[in-house]
Amino acid sequence: MKILVLPGDGIGPEITDATLAVLDRASTKFKLGLEWDIREIGFGALKKHGSTFPADIQDAARKAPGIILGPVSHLDYPPKEQGGVNPSGWLRVQLDLFANIRPAKSRMGVGLTGKPLDLVIFRECTEGFYGDRNMFMGRGEFMPTEDVAIAIRKVTAKQSRRIAEVAFEWARRRRKKVTAVHKANVLHMSDGLFLREVRAVAKNYPDVQLDEKIVDAMAALLLRIPDQFDCIVTGNMFGDILSDEASELSGGLGLAGSTMTGDEACCAQAQHGSAPDIAGQDKANPVSLILSSAMLLEWLAAKHRRPEFAAAAKAIEAAIDASLQSPETRTPDLGGKLGTRAFAAEIAKRIQP
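Residues numbered from 1 in each chain as written. Predicted model: local features only at pLDDT ≥ 70, side-chain atom pairs only at ≥ 80, totals over all residues. Heavy atoms only, no water.

K.L.:
Where do I start with helix α8 (residues 236-250) in this structure?
P.N.:
An ideal rise of 1.5 Å per residue puts 21 Å on 15 residues; α8 measures up with 21 Å between its terminal C-alpha atoms. Along α8, the positions that sit buried rather than exposed are Asn236, Phe238, Gly239, Leu242, Ser243, Glu245, Ala246, Ser247, Leu249 and Ser250. A positive backbone phi angle near 140° is found at Gly251, which sits one or two residues after α8. (Helix = DSSP H or I, 4+ residues; strand = E, 2+ residues; numbered from the N terminus. Expected span 1.5 Å × (residues − 1). Buried < 20%, exposed > 50% of the residue type's maximum accessible area, 1.4 Å probe, protein only.)

K.L.:
When you look at the sheet that holds strand β12 (residues 266-269) in this model, what are you seeing that I'm missing?
P.N.:
Strands belonging to one sheet form pairs held by backbone hydrogen bonds; the direction of such a pair is parallel or antiparallel. Pairing is mixed in the open sheet, where 10 strands are placed in the order β2-β1-β3-β12-β11-β4-β5-β10-β8-β9. The outermost strands of the open sheet, each flanked by one partner alone, are β2 (35-38) and β9 (209-214). Strand-to-strand twist in this sheet, taken as the mean axis angle between neighbours without regard to direction, amounts to 25°. In terms of strand pairing, strand β8 (residues 177-182) meets strand β10 (residues 231-234) through 3 bridges, oriented parallel. Bridge pairing in β10 links Val178 to Cys231. Against the sheet, helix α6 (residues 190-202) engages β8, β9 and β10, with an angle of about 170° to β8. (Pairing = 2+ DSSP bridges. Axes fitted to C-alpha atoms, helices over the stretch in contact; angles between N-to-C directions. Contact = heavy atoms within 4.5 Å.)

K.L.:
Is there a simple way to think about the state of the cysteines in this case?
P.N.:
Note: disulfide means a covalent bond formed between the sulfur atoms of two cysteine side chains. As enumerated under the stated definition, the model contains 0 disulfides in all. Cys266 supplies the cysteine sulfur nearest to Cys231, a cysteine that is in no disulfide, at a spacing of 16 Å. Classification of Cys231 by relative accessible area gives buried; the value is 0%. (Disulfide = S-S within 2.5 Å.)

K.L.:
When you look at empty space enclosed by the protein in this model, what are you seeing that I'm missing?
P.N.:
Empty space among the atoms can be located by rolling a probe the size of a water molecule over them. As enumerated under the stated definition, the model contains 1 cavity of 30 Å³ or more in all. Arg153, Val155, Phe194, Gly235 and Asn236 are the residues nearest the centre of the largest cavity, which is lined by 15 residues in total. Counting only elements with at least two residues in the lining of the largest cavity, the list comes to α5 (157-173), α6 and α8. The residue inventory of the lining of the largest cavity, partitioned by class, reads 4 nonpolar, 6 polar and 5 charged. (1 Å grid on protein atoms, 1.4 Å probe; cavity = no way out; pocket = protein on both sides within 12 Å on 5 of 7 lines; lining within 4 Å. Points joined across faces, edges and corners; volume = space filled by probe spheres on them. Nonpolar A, V, L, I, M, F, W, Y, C, P; charged D, E, K, R; others polar.)

K.L.:
Honestly, unusual backbone geometry in this entry has me stumped. Any pointers?
P.N.:
What is expected of a backbone is that most residues other than glycine have negative phi and most peptide bonds are trans. Even without being a glycine, Asp96 presents a positive backbone phi close to 55°. Of note, Asp96 is situated in the loop between α4 (87-94) and β4 (99-105). On the basis of relative accessible area, Asp96 is assigned to the partly exposed category, the value being 30%. The backbone phi angle of Lys176 is positive, close to 60°, even though this residue is not glycine. Locating Lys176 in the fold gives a position in the loop between α5 and β8.

K.L.:
What should I look at first to understand the pairing of β12 in this one?
P.N.:
Burial along β12 is two-sided: the face carrying Cys266 and Ala268 and the face carrying Cys267 and Gln269 are both buried. Judged from the 3 bridges that link them, strand β3 (residues 67-69) and β12 form a sheet pairing that is parallel. Bridging across to β12, Ile68 finds its partner in Ala268. One ladder, built from 3 bridges, connects strand β11 (residues 259-261) with β12; its direction is antiparallel. Counted as the bridge partner of Thr261 is Cys266 from β12.

Here it is in structure tokens:
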């Protein structure tokens with residue numbers, strides 16, 4: 001199975017190399033038969049081909065069984081007409097990767113709140129206020145005058161229902177609780193529609209408890225009682241914000257996995273940015289992309305009925321947890337001394353069937 005690998009910008013190539021080293025070890029140990037189709041995107045591709053996400057890579061993405069995407073510096077890209085394409089946004093829209101799944105789990109004891117945290121946020125990521133992806137043509141924001149900017153929030157029953165179904169399926173395998181996060185007290189129609197669909201889906205899962213929270217209250221409750229939540233389902237912007245909060249509370253964005261998932265495709269993507277200030281210094285923590293890639297293996301296991309992929313994913317997560325137990329086997333951001341490559345090697349050697 002050949003996976004499309006897009007290293008990205010900044011620290012992207014370094015943490016991608018580290019991730020592939022871990023996956024190569026897992027592939028050997030579990031006989032996965034993984035291969036890599038590595039393509040250049042971002043500023044390197046812009047310089048060589050005039051686009052941060054060239055057409056041939058777009059075609060490869062459509063055909064790939066799975067994708068690993070390193071962090072990109074899309075905020076610094078030129079306008080779209082000058083070749084600046086956000087790979088993440090393109091993949092979400094063009095491959096219908098509507099579900100951004102972001103676990104947050106305390107991996108070195110309790111989180112910053114002093115309480116253990118183990119939850120998953122399910123973010124619908126093709127709609128909402130995100131103007132680069134919520135319109136069929138054009139952008140979902142515009143300026144009728146130089147002093148007025150207007151953003152359009154798009155919420156559909158279809159996508160609300162789909163993200164709810166994913167969250168309830170996961171909850172059924174976990175602790176059987178879903179929390180729907182909204183702002184329907186103000187956004188009556190759009191979040192009212194979202195809640196209507198979540199409640200309808202809940203009727204098909206009588207064994208799963210449905211809870212509802214207003215987003216500002218939810219932000220506070222994650223600080224106060226993070227251990228009370230299991231699966232959290234919400235829209236694009238709220239999910240983007242709350243998942244970063246949850247990840248920081250669990251130990252940091254560098255320890256949080258993430259996938260963009262659809263019915264027919266899945267992309268592993270680190271939660272954090274490209275950190276150009278430490279690029280090339282062998283300092284970057286690769287855990288986020290490694291965990292994201294393990295999540296991709298789990299998706300492939302379910303999609304293609306390959307239980308060995310799921311077993312490899314569990315072994316990778318266990319190797320990460322074991323490596324994080326001692327400061328001697330951590331990266332500098334976690335109080336350790338190992339560089340990116342050495343840390344990846346430490347994780348890889350701990351992978352066992």
